[in-house]
Each structure stands twice: as C-alpha cells, then as structure tokens.
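If you want the building blocks of each chain, they are given just below.
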Amino acid sequence: MIDVINLKKNYGKLEVLKDITMNIEQGEKIAIIGPSGSGKSTFLRCLNCMEDPTDGAIIFEGVNIADMHVDINVHRRHMGMVFQQFNLFNNKKVIDNIMLAPVYIHTHDLKSKMIKNFFIKLRNIFSANKKPLYEINTTKAEIKEAARENAVRLLKRIGLEDKAEVYPSTLSGGQKQRIAIVRALAMNPKVMLFDEPTSALDPEMVGEVLELIKQLADEGMTMVIVTHEMGFAKEVATRVLFMDEGRILEENTPQELFSNPQNARTKEFFAKIL
C-alpha cells in the first residue's frame, strides 16, 4: 500500500530522517516506538506529505506522492490523520467538525464538474465532435445531508451522539480525541495515521481512546501509530519499528521485538522503560 524509498528529511543542516526504506502492506498495524527526538512524528507526517521530504519517494497505491507535480490533496483524502492535540475547530459544533472535510471535498468536486461541463457545452456548440458531459448525480443539499447522516452514525458508534450540537470546549480530552478519530474516519480513509494519540490525555482517559483504535484494528483498518504505550503496541501491532536518531534500527513482530531485541540501542531503550 505504501512504499517508502530512501526517505530523507532535513531542517537546514539538521538531518531528522536518514535514508529510510520500508513498506506498509494493506491491513498492517504498525507501531513506531523510540525515544523523544528520534524522528518518529516527522516520519509519520512525511507519509502523507504534511512534511515535505527532502529526498526520496513515498509510493502510495502506485503514485509517488512526494513528487511536487502530484496533487497531494487528492491522495490525502484516503489517509486519515489524528494528532496529539485533537485539532478540532472550537468555533464549530462537534457535528460540523466531522462534516467539514466531506462537505468541502465533495462540494469542490461538484463545482469542478459543473465548471468543466460549462466549457464542454460551450465547445460543443462550435464543434461537430460532441464531447460527453461529466455525470452529475448529486446536489449540494444532498452532499450535506449525506455528510450529516454519516457524522451521526459515527457519533453513535462512539456513544457520543448526544454531543453532536455542543462545542469541543465542553468535552473531556478523551471525548475530543475520539471525535478527532471519527472525524478522520468520515472520509472513509484507506489508512489511518496516529501521532501519539494519547500523549495529551490524562491517564484515566487513555483507555477509551485506545479501545476505539483497537476496534479499528480488529476491523482490518491499515494503520501506523507513533506511540509511547508499549502495552498497546504489543497487543495491537502486527509489526513494531524502533527508531532512533532518524533511522529505523530494528523492526519485528511485537512478540520478537519486545522479548528478544537484537539491536544494542533497542535493548538499552527497553531496559530504561520496561
């Protein structure tokens, strides 16, 4: 699904990612662990080009999305992203936060087809070879209604349908993060990227967020998770990557990596935290 080839990321003279090559298969649950400052979050953000790679390629479903000539926004539709700090819009109600991306994207697509059809019709007036119009089978009102129905369905899934019309400032951290997750799910992504989704939460709220992510994993969602929750990585991940100083030093199944690490730096890291 995603092939990372010789990925490098520099900030000036600082090398943050150093020649990373790896692949992510459909249905995999990959946990990325390592000390702070090892490049984990930067690597995750490079996967959907929120951070532009300095060099290398990121092949997503056959397309190098790191190519500057590629419309990255088209491909980001299929890559859900969940951040540490929720990133909900506090001036919009919960349901509007969830509806925002689907309504914007599908309305944009509708407008684009309408504009193209206008010029096709204009061309067809003066041409013997009539070009077919793009099919339009929805309206702005139908787009909004479909997005609202989907948002309500997602809120019901996490037991927060009663919060649809409130503002995020009234919610707990755990509730905000679960809403941030279903907001990403509203676009029906093919892969989910989680950047330390529990690091900003009080300990008592961590469980409800991890439980939702476990449910997604059980349903077969492809996901990449940067996390400090070692127990969660052991339980959910199909593969664990250990990063340090901008490199992947070791990768294996959770059982093998945690019980029998091979790299000296991995062993040192586990000795301090386990």
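Residues numbered from 1 in each chain as written. Predicted model: local features only at pLDDT ≥ 70, side-chain atom pairs only at ≥ 80, totals over all residues. Heavy atoms only, no water.

Chemist: I tried to follow the packing of helix 3 (residues 94-125) against helix 5 (residues 173-185) on my own but got confused; where do I start?
Modeler: The packing of two helices is summarised by the inter-axis angle and the distance between the axes. Contact pair helix 3 / helix 5: the axes reach a minimum separation of 8 Å and the direction vectors enclose 30°. When the interaxial angle is binned, helix 3 and helix 5 end up roughly parallel. Crossing angle aside, the handedness with which helix 3 passes helix 5 is right-handed. Two secondary-structure elements touch here, helix 3 through V94, N97 and I98 and helix 5 through I179, V182 and R183. Its residues assigned to classes, the contact of helix 3 with helix 5 shows four nonpolar, one polar and one charged. (Axes fitted to C-alpha atoms, helices over the stretch in contact; angles between N-to-C directions. Helix = DSSP H or I, 4+ residues; strand = E, 2+ residues; numbered from the N terminus. Parallel < 35°, antiparallel > 145°, perpendicular 65-115°, else oblique. Left-handed = near helix turned anticlockwise from the far one by under 90°. Contact = heavy atoms within 4.5 Å. Nonpolar A, V, L, I, M, F, W, Y, C, P; charged D, E, K, R; others polar.)

Chemist: Would you mind showing me how to read the nonpolar core here?
Modeler: In a soluble, globular protein the nonpolar side chains are often hidden away together inside. With 39 residues, the main nonpolar core has I98, I179, I181, M192, F194 and M223 as its most contacted residues. Of all the secondary-structure elements, those providing two or more residues to this core are helix 3, helix 4 (140-157), helix 5, strand 7 (191-195), helix 6 (203-218), strand 8 (222-226) and helix 7 (230-236). In terms of residue count, helix 6 provides more of this core than any other element does, eight residues in total. Of all hydrophobic cores here, the second largest spans 29 residues; its members include V16, C46, F60 and M243. (Core = buried A, V, L, I, M, F, W, Y, C linked by side-chain atoms within 4.5 Å. Buried < 20%, exposed > 50% of the residue type's maximum accessible area, 1.4 Å probe, protein only.)

Chemist: Even after reading the chapter, I still don't get the layout of surface pockets, so can you show me in this structure?
Modeler: Empty pockets left among the atoms are what a rolling probe the size of a water molecule brings to light. Volume-wise, the largest pocket comes out at about 820 Å³. Forming the boundary of the largest pocket are 24 residues, of which R76, R77, A101, I105 and M187 lie nearest the centre. Looking at the lining of the largest pocket, the elements that each hand over two or more residues are helix 2 (72-76), strand 6 (79-82), helix 3 and helix 5. It is helix 3 that contributes the most residues to the lining of the largest pocket, six residues altogether. In the lining of the largest pocket, the residues fall into 14 nonpolar, six polar and four charged. (1 Å grid on protein atoms, 1.4 Å probe; cavity = no way out; pocket = protein on both sides within 12 Å on 5 of 7 lines; lining within 4 Å. Points joined across faces, edges and corners; volume = space filled by probe spheres on them.)

Chemist: Help me understand a positive patch on the surface, please; the structure alone is not making it clear to me.
Modeler: Among the surface-exposed residues, K113, K116, R123, K130 and K131 lie close enough to one another that they form a single positively charged patch. Inspection of the secondary structure puts K130 in the loop between helix 3 and helix 4. Looking at K130, the relative accessible area reads 54%, which means it is exposed. (Patch = residues over 30% accessible without salt bridge, like charges linked within 9 Å, V, L, I, M, F, W, Y side chains within 5 Å. Areas by Shrake-Rupley, 256 points an atom, 1.4 Å probe, with all protein chains shown as cover. Salt bridge = Lys/Arg side-chain N within 4 Å of Asp/Glu carboxyl O. Lys, Arg positive; Asp, Glu negative; His and termini not counted. Charge placed at Lys NZ, Arg CZ, Asp CG, Glu CD.)

None of this, on its own, says anything about what the molecule does.
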